[in-house]
Amino acid sequence: PIHAPNLCHMTATFSEALTAEIRAEMARQNIRNPALATLSGINRTEIWRKVNDRRLLDSAEMKQIADGLGISLAELTARAEAALAAKNTPKEGEEQ
């Protein structure tokens, strides 16, 4: 059986990595929440909640945001996964 607390923690952690990557891409492109709302078709309040308040994004929202940023959903999620892996990889000399 799947241990639910670990699964929930993993999901929340990926969500955090994903929203961090969205914010990083917004910064790289100098895009603020209102502009991303317009570009993605998601209303401003929801964009703020999803990106800044760290609420879970559904797959349609992830796609809309990636499209709004002009990158593929695959690229966005790959960057988030890479950041998450780097964060969870013990540094030399640290215990696992």
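Here we summarise the structure given alongside this text. (Residues numbered from 1 in each chain as written. Predicted model: local features only at pLDDT ≥ 70, side-chain atom pairs only at ≥ 80, totals over all residues. Heavy atoms only, no water.)

A short note on helix H5 (residues 73-88)
- Across its 16 residues, H5 extends 22 Å between first and last C-alpha, which sits within 8% of the 22 Å expected from 1.5 Å per residue.
- Residues of H5 that are buried: Leu 76, Thr 77, Ala 80 and Leu 84. On an axial view of H5, the arc spanned by its buried residues comes to 90°, and they lie on one face. Exposed and facing more than 90 degrees away from the buried side of H5 are Ala 74 and Ala 86. (Helix = DSSP H or I, 4+ residues; strand = E, 2+ residues; numbered from the N terminus. Expected span 1.5 Å × (residues − 1). Buried < 20%, exposed > 50% of the residue type's maximum accessible area, 1.4 Å probe, protein only. Arc of directions from axis to C-beta.)

A closer look at the pattern of salt bridges
- Applying the stated criterion across every chain, the model contains eight salt bridges.
- Between Arg 79 and Glu 21 there is a salt bridge whose closest N-O contact spans 3.3 Å. With Arg 79 in helix H5 and Glu 21 in helix H1 (residues 4-29), this residue pair connects regions lying 58 residues apart in the sequence.
- For Glu 21, a relative accessible area of 11% puts it in the buried group.
- Residues Arg 28 and Glu 25 are paired through a salt bridge, measuring 2.8 Å at the closest nitrogen-oxygen approach. Taken together, the positions of Arg 28 and Glu 25, both in helix H1 and three residues apart, correspond to about one turn of that helix.
- With a relative accessible area of 6%, Glu 25 lands in the buried category.
- By sharing partners, the salt bridges in this structure join Glu 21, Glu 25, Arg 28, Glu 75 and Arg 79 into a single network. (Salt bridge = Lys/Arg side-chain N within 4 Å of Asp/Glu carboxyl O.)

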